[in-house]
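Below are the chains, spelled out letter by letter.
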Amino acid sequence: MSLERLFASRFRNLQDIQLDLNPGINFISGKNGSGKTSLLEAAYFLSSGRSFRTLALDPVIRKGSDDCLVRGELKKGQQRWQIGIVRNRNGERDIRINGETCSRASELAEILPTRILGPESVDLLLGPPDPRRRFLNWGLFHVEQGFVELWEAANRCLRQRNQLLREGDSQSRAFKTWSFQLAEHALRIHCAREQYLSDYRPIFKQVVESICQLDEVDISYSRGWPDGVELFQIYENEAQIDEKRGFTQKGFQRADVRITVNGDLATKICSRGELKGIVWSLILAQGELNREQNTLYLIDDLASEFDIVHRRRVGSYLAKTSNQALVTGVDSRILVDCCENEIVTLFHVEHGQILLS
Ligand SMILES: Nc1ncnc2c1ncn2[C@@H]1O[C@H](COP(=O)(O)OP(=O)(O)OP(=O)(O)O)[C@@H](O)[C@H]1O
Ligand SMILES: [Mg+2]
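In this text the structure is predicted, and so the values were computed from the model without any measurement.

By size, the foremost hydrophobic cluster in this structure holds 64 residues, and its most contacted members are Tyr 200, Phe 204, Ile 278, Leu 282 and Leu 318. Looking at this core, the element that brings in the most residues is helix 6 (residues 173-211), giving 13 residues. Of the residues that make up this core, three or more belong to each of domain 1 (1-113 + 293-357) and domain 2 (129-290). With residues up to four places along the chain from it excluded, the contact list for Leu 318 reads Ile 25, Leu 284, Tyr 297, Ile 299, Ala 325 and Val 327. Among the nonpolar cores identified, the runner-up in size contains 37 residues, and Ala 43, Leu 74, Ile 83 and Leu 296 belong to it.

Pairing in this open sheet of 6 strands is antiparallel, and the strands run 2-1-4-5-6-7 from one edge to the other. Both outer strands of the open sheet, strand 2 (14-20) and strand 7 (100-102), are each paired with one neighbouring strand and no more. Each adjacent strand pair in this sheet contributes to an overall mean axis angle of 15°, direction not counted. Sheet analysis places strand 4 (residues 67-76) next to strand 5 (residues 79-88), joined by 10 bridges and oriented antiparallel.

Now for the layout of surface pockets. Over the atoms rolls a probe the size of a water molecule, and in doing so it shows where empty space is left. Of the volumes computed, that of the largest pocket is approximately 1400 Å³. Residue lining of the largest pocket: 39 residues in total, with Tyr 44, Arg 50, Arg 115, Arg 134 and Trp 138 positioned closest to the centre. Elements with a contribution of two residues or more to the lining of the largest pocket: helix 1 (36-48), helix 2 (106-111), strand 8 (114-117), helix 3 (123-126), helix 4 (130-143) and helix 5 (147-166). Here the lining of the largest pocket gets 7 residues from one element, more than from any other, and that element is helix 4. When grouped by side-chain class, the residues that make up the lining of the largest pocket number 19 nonpolar, 11 polar and 9 charged. Structurally, the lining of the largest pocket is a two-domain feature, drawing no fewer than three residues from each of domain 1 (1-113 + 293-357) and domain 2 (129-290). Space inside the second largest pocket adds up to approximately 400 Å³. For the second largest pocket, the lining is made up of 16 residues, of which Glu 110, Phe 141, His 142, Glu 144 and Gln 145 are closest to its centre. Contributions of two or more residues to the lining of the second largest pocket are made by helix 2, helix 4 and helix 5.

What follows is about the sheet that holds strand 11 (residues 264-265). The strand order across the open sheet built from 3 strands is 9-10-11, with neighbouring strands paired in antiparallel fashion. Strands at the two margins of the open sheet, each flanked by one partner only, are strand 9 (217-222) and strand 11. Packed on one face of the sheet, helix 6 meets strand 9 and strand 10 (256-261) and runs near 170° to strand 9.

Moving on: the packing of helix 4 against helix 5. Contact pair helix 4 / helix 5: the axes reach a minimum separation of 8 Å and the direction vectors enclose 135°. By the angle between their directions, the pair helix 4 and helix 5 is classed as oblique. Where helix 4 abuts helix 5, its residues Asn 137, Leu 140 and Phe 141 lie against Phe 147, Val 148 and Trp 151. Grouping the amino acids of the contact of helix 4 with helix 5 by side-chain chemistry returns 5 nonpolar, 1 polar and no charged.

Reading the values: the criteria
- Residues numbered from 1 in each chain as written.
- Chains lettered and ligands numbered in written order.
- Predicted model: local features only at pLDDT ≥ 70, side-chain atom pairs only at ≥ 80, totals over all residues.
- Heavy atoms only, no water.
- Core = buried A, V, L, I, M, F, W, Y, C linked by side-chain atoms within 4.5 Å.
- Buried < 20%, exposed > 50% of the residue type's maximum accessible area, 1.4 Å probe, protein only.
- Helix = DSSP H or I, 4+ residues; strand = E, 2+ residues; numbered from the N terminus.
- Domains from an automatic or database assignment.
- Contact = heavy atoms within 4.5 Å.
- Pairing = 2+ DSSP bridges.
- Axes fitted to C-alpha atoms, helices over the stretch in contact; angles between N-to-C directions.
- 1 Å grid on protein atoms, 1.4 Å probe; cavity = no way out; pocket = protein on both sides within 12 Å on 5 of 7 lines; lining within 4 Å.
- Points joined across faces, edges and corners; volume = space filled by probe spheres on them.
- Nonpolar A, V, L, I, M, F, W, Y, C, P; charged D, E, K, R; others polar.
- Parallel < 35°, antiparallel > 145°, perpendicular 65-115°, else oblique.

Take a look at the structure:
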């Protein structure tokens, strides 16, 4: 899959734009406030029906407009796809795939998997564990059939068990049944995550080696409950403690991912730029593992916090991968310098208008 053409109307400061994209690298330069991130956001919105900057959707609609529209033309082998989404200020949305109305935004993500890489991506390691679990889920959603259903079923059991805990009902038969089912689902999620990470780890190691200048970067995973103990047994033994707290303390919802460099926690010893290199490698490696389908990388502000060596390493990585990239930067010369001798398409943004450089 590659995104051949992107249209956006009334989206942030973009009035009406159309880009004919390169299946490889596309550079987008422009001054601060010109609309570079808005353009990446439009591509992300097309793949998810959401913004990557905010949970609220109103801000993506251009000031003074009632709705926004983003459309894309994609090519996958000999097949062509047209996808589009309109969103209005009442929160109503209309998603179309090849002209057919579609109710789930996740269908867009299946057709156009995207990953955003920006200066804030380091929060994946510096922040709380939730985004790290979402990171695992993104991978599983794209490679493991039936994962969405498993995820939804496990969360339903978790909600039910938590509800009974809050009601002080931890002695009931229903509580035991939900605990049992939750433990079963949690184990299946853990097995899927473990399998995913064993396929992912060697790819991550290759990517991180090609982008970062660090020795021995490794990824490990904790499942959310102690090794060697059955989760159902824990639920039985700790029902009183869970009831006091009012929620289930152990399980798949407490899993986490750790990155170490020479055995030390990366967040403790790495610089900002080094962390950015590691996080970008984590995300790029996920796209690499998702071989069934190409991933669209949305790379915001390539130059920030990266020296020339790192920028060029990312540039040569992007030149090698089969995945497509939209890469922004303030200075087009710096962008071009990252990808010497590569065929790239250059766009320039000014006041929400796109000019082909
Ligand atoms: N809903 C909206 N309607 C109109 N303009 C908006 C809306 N939301 C944001 N803007 C404006 O769009 C402009 C472009 O923002 P954007 O974040 O895309 O800039 P940028 O080119 O990425 O800048 P930088 O180099 O600083 O990252 C900003 O001036 C912002 O105030
Ligand atoms: Mg920006």
